[in-house]
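Structural overview for review
As a plain string of letters, each chain reads:
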Amino acid sequence: MTRSYSDDELRDLRQLPKRVTNPGARWSDKPSAHPVHKQRIFQATGTAEDRRQLRFLIYQRQSLRDEPSYSCGIVYLPPGGPRLTLARYNGPNHQHRDIRYKPHIHRATEAAILAGRKPEDEAEETTRYETLEGALACLIEDFRLSGIRAEPDHPSLFNGHQS
């Protein structure tokens, strides 16, 4: 069960500068016997105000059968507690409530956690990316990641965006 996080705590986790510690993470096919997607996982750390080292995973997943089926996300690994997906940047291969086959970003919210739903249940349509690489570029900017790079799909939308 996910512990309760306030929107302020979630914002602090998002705004904390993080550094990827394995920038050469390699792609692997999953499952290995009969692959349906490929993925890679980066690890990152950030130093909290109280000097604790916080740990994060950043993943990229791409379907091998359906190009618009991709996801890029960031997961907080609290010491001694369950993982918390802070955000997922999904491709346009599926409908999510009122979002019909458009790229969309799921973000963890206090309201979803308190309601017992997936923390990142809520989503917002976006035009900031169209590809998995573009989704990673948005995640890097939104979550203050250093140590890896990705090319944005729409460079003019970077620096100062809101959604």
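All of the points below concern the structure found in this document. (Residues numbered from 1 in each chain as written. Predicted model: local features only at pLDDT ≥ 70, side-chain atom pairs only at ≥ 80, totals over all residues. Heavy atoms only, no water.)

Concerning the nonpolar core
Among the nonpolar cores identified, the biggest contains 35 residues, and Phe56, Leu86 and Tyr89 are the most heavily contacted of them. Considering every element that reaches this core, the biggest residue donor is helix H3 (residues 132-142), with seven residues. Not counting residues within four places of it along the chain, the set of residues in contact with Tyr89 comprises Tyr70, Ser71, Cys72, His104, Ile105, Tyr129, Ala135, Cys138, Leu139, Asp142 and Phe143. (Core = buried A, V, L, I, M, F, W, Y, C linked by side-chain atoms within 4.5 Å. Buried < 20%, exposed > 50% of the residue type's maximum accessible area, 1.4 Å probe, protein only. Helix = DSSP H or I, 4+ residues; strand = E, 2+ residues; numbered from the N terminus. Contact = heavy atoms within 4.5 Å.)

With respect to H3
Burial within H3 is extensive, with nine of its eleven residues counted as buried. Just downstream of H3 lies Arg144, where phi reads positive at about 50°.

A few points about the environment of Asn90
Here Asn90 lies in strand S6 (residues 84-90). Under the relative-accessibility criterion, Asn90 is labelled buried at 5%. Measuring from C-alpha to C-alpha, the distance between Asn90 and Tyr129 comes to 9.7 Å, with 39 residues separating the pair along the chain. Each residue touching Asn90, except ones within four places of it in the same chain, is listed here: Tyr70, Ser71, Pro103, His104, His106 and Tyr129. Engagement of the side chain of Asn90 in a polar contact is seen with the side chain of His106, the distance being 3.4 Å. (Polar contact = N/O pair within 3.5 Å; in protein donor to acceptor, adjacent residues only side chain to side chain.)

Observations concerning the packing of aromatic side chains
This structure, assessed with the given rule, holds four aromatic pairs. Considering the side-chain rings of Tyr89 and Tyr129, the 6.1 Å spacing of their centres and the 45° angle between planes classify their relative orientation as tilted. Of this pair, Tyr89 sits in strand S6 while Tyr129 sits in the loop between strand S10 (123-125) and H3, placing them 40 residues apart in sequence. In this structure Tyr89 comes out as buried when scored by relative accessible area, which is 0%. According to the relative accessible area criterion, Tyr129 is buried, its value standing at 0%. Three or more aromatic residues joined by ring pairs make a cluster, and in this case those are Tyr5, Phe56 and Tyr76. The ring of Phe56 has Lys18 lying over it, and the distance from NZ or CZ to the ring centre is 5.3 Å. (Phe/Tyr/Trp six-rings, centres within 6.5 Å; stacked < 30°, edge-to-face > 60°. Lys NZ or Arg CZ within 6 Å of the ring centre and 35° of its normal.)

As far as function goes, none of this settles anything; it's purely spatial.
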